[in-house]
Amino acid sequence: MNSNTNNTTTNTNTNSNSNTNSNTNANDLSTFFALDVPNGLEFGLNLMEFEAGPKFKGIGMIPHGLQFVYYSCGMGLRQGYFIKTMKNDVFVRNWDVSIETLSIKNNLSEESNKNFLNSLYTGQLNDSIGCYNTSEHHIWENLTKFITNTVLIRSDCMVPTSSANANATSDK
């Protein structure tokens, strides 16, 4: 198991509209990668949950808007945080073995970001990504439509992320 704590948030968005639209084009959807997670980890996004196996690397086809990422090793409490995805966002997080959590800071170099995005866009990672069930996303939208940025900031539940441009610059 790799104890690397590198991760990145990359936004290839050129449109700042973050409203979720149920008619979103598949090319506009986001991806969340959870790398180096232990086998058997319970990993979820909104109303979906996966059990990580040896090939699991994350979830794709995520509509833009407010999302809740959560995970549990099964031996402790479930941990989680909110993120806001925009059109074409790519989030990459690595598992930190020492504290059993997904790292939230971007430590990847610009070159590593570019290589990872290239692997994503050429389909090399497709067999390792679970697919978000967009047909049930309206349920999540109804549950979260009254959660404002003010509420998230006051409750300290939102992970701060900075936008990166299409060149996959890091937010060190």
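What you are looking at is a predicted structure, and each value in this text was computed from that prediction instead of being measured.

Let's talk about the sheet that holds strand β6 (residues 65–72)
And step 1. What the four strands build is an open sheet, ordered β4-β3-β6-β7; its pairing is antiparallel. A strand with exactly one partner marks an edge of an open sheet, and here the two such strands are β4 (48–51) and β7 (79–85). The mean inter-strand angle of the sheet, taken between neighbouring strand axes irrespective of direction, is 20°.
And step 2. As defined by bridge partners, strand β3 (residues 42–45) adjoins β6 across four bridges and the pair is classed as antiparallel. Bridge assignment links glutamate 42 to a residue of β6, and that residue is serine 72.
And step 3. Strands β6 and β7 of the sheet are contacted by helix α2 (residues 137–144), whose axis makes an angle of about 100° with β6.

With respect to unusual backbone geometry
And step 1. Phi is positive for aspartate 36, which is not a glycine, with a value near 65°.
And step 2. Tracing the backbone through its elements, the reader meets aspartate 36 in the loop between β2 (30–35) and β3.
And step 3. With relative accessibility at 29%, the residue aspartate 36 sits in the partly exposed group.
And step 4. Positive phi is not limited to glycine here, since asparagine 88 has a value of about 70°.
And step 5. Relative to the elements of secondary structure, asparagine 88 occurs in the loop between β7 and β8 (89–96).

Reading the values: the criteria
Every chain is numbered independently, its residues counted from 1 as its sequence is written. Totals for whole chains, interfaces and linings use every residue, but because this is a predicted model, local features are given only for residues with pLDDT of at least 70 and side-chain atom pairs only at 80 or more, for both listing and counting. Each side-chain value is worked out from all heavy atoms of the structure, with water and hydrogens disregarded. The pairing criterion is simple: DSSP has to find at least two bridges between the two strands. By definition, any uninterrupted DSSP run of H or I lasting at least four residues is a helix, any uninterrupted run of E lasting at least two residues is a strand, and each is numbered from the N terminus. In this analysis, axes come from line fits to C-alpha atoms, helices being fitted only over the stretch in contact, and the angle between any two N-to-C directions falls in the range 0 to 180 degrees. Between two residues, a contact is recorded if the distance between any of their heavy atoms is within 4.5 Å. The rule is simple: take the accessible area with a 1.4 Å probe, protein chains only, and divide by the maximum for that residue type; under 20% is buried, over 50% is exposed, in between is partly exposed.

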